[in-house]
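# Coordinate inspection notes
These are the residues of each chain, in order.
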Protein chains: 2
Amino acid sequence: MNARIGATSSFLDWMQHIQSGMETTLDTYLPPEIHMPARLHQAMRYTALDGGKRVRPLLVYAAGELFDAPEQLLARSAAAVEMIHVYSLVHDDMPCMDDDALRRGKPTVHVKYDEATALLVGDALQAQAFAVLAEIVDEQQAARQLKMVHLLAEAAGSAGMCGGQAIDLASVGMTLSLAELEQMHRLKTGALLRASILLGAYSGKLLSTAETAALEAYAGAIGLAFQVVDDILDATADSATLGKTAGKDAADNKPTYVSILGLSESQALAEKLRGDAHQALAQFGDKARRLHELADLIVQRKA
Amino acid sequence: MNARIGATSSFLDWMQHIQSGMETTLDTYLPPEIHMPARLHQAMRYTALDGGKRVRPLLVYAAGELFDAPEQLLARSAAAVEMIHVYSLVHDDMPCMDDDALRRGKPTVHVKYDEATALLVGDALQAQAFAVLAEIVDEQQAARQLKMVHLLAEAAGSAGMCGGQAIDLASVGMTLSLAELEQMHRLKTGALLRASILLGAYSGKLLSTAETAALEAYAGAIGLAFQVVDDILDATADSATLGKTAGKDAADNKPTYVSILGLSESQALAEKLRGDAHQALAQFGDKARRLHELADLIVQRKA
């Protein structure tokens with residue numbers, strides 16, 4: 001990615017700069033299509049290089065601004081966390097999980113290729129995420145980088161994303177309490193969003209207790225907000241806008257914020273969480289500008 | 001695991017010491033069953049704690065003896081590489097891949113649980129492997145440990161194990177040349193065996209060029225031998241002895257060493273590779289005793 005865009009630029013410019021930079025970064029860190037096995041590499045690129053919203057990389061870069069983190073470690077963190085996210089979508093879409101044919105407006109990997117390829121694409125993307133994040137950047141800072149790898153691994157595993165996915169599967173058709181629903185999403189989506197923020201920050205330095213507490217509070221608020229808004233959009237937007245099948249949660253009889261709280265209370269909750277996120281950033285002053293703007297984006301997005 | 005067993009003990013004693021120690025190590029490094037999500041954790045333990053042969057951990061420990069590697073890093077390396085191996089078996093057994101119902105004499109994970117759980121068990125085991133290997137052991141040696149994480153990630157991904165699996169899938173029903181068959185196995189099985197040996201050695205120190213070359217040669221020979229012997233056993237042993245479905249390669253019309261070279265030439269090749277492996281270890285003298293014995297085990301095993 002090119003040098004960082006100035007702090008005075010608009011949020012939209014900043015966001016587009018990071019997003020287009022991520023395509024280049026991912027292109028660099030994914031295996032070339034011409035390398036054997038070509039079909040696997042093609043499929044990895046088909047699903048990873050599709051100009052998604054790149055919410056997690058945006059969080060990495062926004063948190064990196066707090067501590068003037070160097071570009072190289074930010075790029076590796078952002079690529080790694082996005083590869084974990086993309087692999088999870090590929091596996092979630094498979095017939096034995098959500099069985100979804102459409103993702104970001106394109107046929108899902110098992111539809112475009114086949115199930116075995118989708119399985120391997122996910123497996124290989126997860127491995128590639130760790131290969132990218134564990135490639136040594138600065139010998140003197142290896143302990144910090146190792147801590148970052150450990151953080152990502154915990155966020156991706158059974159105490160994080162995979163664990164949340166398992167709880168989600170077990171909850172289909174069940175009546176969940178609000179607390180149970182929150183616990184599920186704290187793992188399923190929240191863990192990786194939190195990891196994105198901490199990886200961005202750690203790319204700059206190890207954090208003080210107060211800094212960690214503030215970023216944890218921010219991560220908790222936007223993680224929950226992200227899911228509440230997802231549920232609102234699933235209930236109110238159409239498939240063309242979402243780029244995936246809308247109304248699927250209700251059709252699958254999955255518990256959602258909208259099904260438990262209703263639409264208007266869900267919208268009020270999202271607004272409250274946006275306020276909590278902003279408040280958590282107080283100690284960072286102007287340096288947290290992009291994190292503020294991302295909290296707004298997450299709550300106000302339309303897809 | 002307890003303190004290392006003496007260099008004077010028999011190979012069988014040494015092997016059983018490592019194998020039983022691995023059960024304890026894996027038990028420690030796997031999430032407890034009582035933690036949420038309990039069913040996922042149960043299934044991870046069901047498949048990982050089954051007293052397998054633990055060939056990869058044996059290689060880690062045997063290579064560690066070359067450089068008097070400390071127990072803690074060896075245990076983490078052995079657990080990580082075994083978790084990667086176990087996850088690959090869980091995914092390989094799924095209906096969209098090899099569709100196998102029996103593994104090590106027990107129902108496979110998707111049969112015992114369900115497909116979605118098998119998918120998540122594999123995903124979570126891969127993440128756990130990296131969490132275990134990236135937990136910092138010695139701040140002063142963080143750069144070396146980071147290098148080890150990177151090595152494992154490369155071995156597990158599309159340039160290693162996943163890549164070999166993809167080539168294997170694409171080769172069903174095709175006539176492969178001996179060179180193509182070797183390339184497939186060099187990735188599918190060889191990459192992780194090589195990583196086991198290098199992780200064990202790196203647990204002691206970073207290697208000189210001559211040391212690396214010797215261990216690469218040893219790894220290449222035993223990796224190939226491992227597969228040749230697998231093919232021989234698939235063609236000659238029964239399912240009860242193997243603990244998995246015998247004769248499956250022929251039934252699936254998969255190219256094997258036996259189908260290309262015939263049985264007696266395959267047996268001669270395995271013997272030749274055993275000699276190559278022994279020869280590669282010359283510079284290490286008595287310290288390489290366990291690596292010598294493991295080459296013998298790999299070629300002479302009956303299951």
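Residues numbered from 1 in each chain as written. Chains lettered and ligands numbered in written order. Predicted model: local features only at pLDDT ≥ 70, side-chain atom pairs only at ≥ 80, totals over all residues. Heavy atoms only, no water.

## Looking at the packing of helix α4 (residues 71–92) of chain B against helix α7 (residues 142–156) of chain B
All names here are of chain B.
- In the contact formed by α4 and α7, the axes pass within 11 Å of each other and the chain directions differ by 15°. With respect to α7, the element α4 is oriented roughly parallel. For the pair α4 and α7, the sense of crossing is right-handed. Listed contacts from α7 to Leu 73, Ser 77, Ala 80, Val 81 and Ile 84 of α4 are Arg 144, Gln 145, Met 148, Leu 152 and Ala 156. (Axes fitted to C-alpha atoms, helices over the stretch in contact; angles between N-to-C directions. Helix = DSSP H or I, 4+ residues; strand = E, 2+ residues; numbered from the N terminus. Parallel < 35°, antiparallel > 145°, perpendicular 65-115°, else oblique. Left-handed = near helix turned anticlockwise from the far one by under 90°. Contact = heavy atoms within 4.5 Å.)

## Quick word on the pattern of salt bridges
All names here are of chain A.
- Counting across every chain of the model gives 32 salt bridges over all chains.
- Here Arg 45 and Asp 27 are joined by a salt bridge, their closest N and O atoms 2.7 Å apart. Of this pair, Arg 45 sits in helix α2 (residues 38–48) while Asp 27 is found in helix α1 (residues 11–29), placing the two residues 18 residues apart along the sequence.
- Note that Glu 271 is salt-bridged to Arg 274, the shortest N-O span being 3.2 Å. Highlighted residues: Glu 271 and Arg 274, both in helix α14 (residues 263–280), separated by three residues, approximately one helical turn.
- Using a relative accessible area of 38% as the deciding quantity, one classes Glu 271 as partly exposed.
- Overlapping salt bridges bring together Glu 23, Arg 54, Glu 82 and Arg 104 as one network. (Salt bridge = Lys/Arg side-chain N within 4 Å of Asp/Glu carboxyl O. Buried < 20%, exposed > 50% of the residue type's maximum accessible area, 1.4 Å probe, protein only.)

## Considering the nonpolar core
- Membership of the largest hydrophobic core comes to 220 residues, with the highest contact counts inside it found for Tyr 218 of chain A together with Tyr 218 of chain B.
- Contacts of Tyr 218 of chain B, omitting those with residues within four sequence positions, involve Leu 59, Ile 197, Ala 277, Ala 280, Leu 281, Leu 291, Leu 294 and Ala 295 of chain B. (Core = buried A, V, L, I, M, F, W, Y, C linked by side-chain atoms within 4.5 Å.)

## A look at the environment of Leu 178 of chain A
Residues and elements named next belong to chain A.
- Looking at the secondary structure, you find Leu 178 in helix α9 (residues 178–202).
- For the pair Leu 178 and Ala 295, spaced 117 residues apart in sequence, the C-alpha to C-alpha distance is 22 Å.
- Discounting chain neighbours no more than four positions away, the residues touching Leu 178 are Tyr 257, Ile 260 and Leu 261.

## A few points about the relation of the copies chain A and chain B
- Superposition of chain A onto chain B requires a rotation of 180° combined with a translation of 0.0 Å along the rotation axis, giving an RMSD of 0.0 Å. Here the transformation between the copies is reduced to the relation of a two-fold axis.
- When the interface residues of chain A are mapped onto chain B, 100% of them again fall at the interface, so both copies present the same face. (Least-squares fit on C-alpha atoms with pLDDT ≥ 70 in both.)

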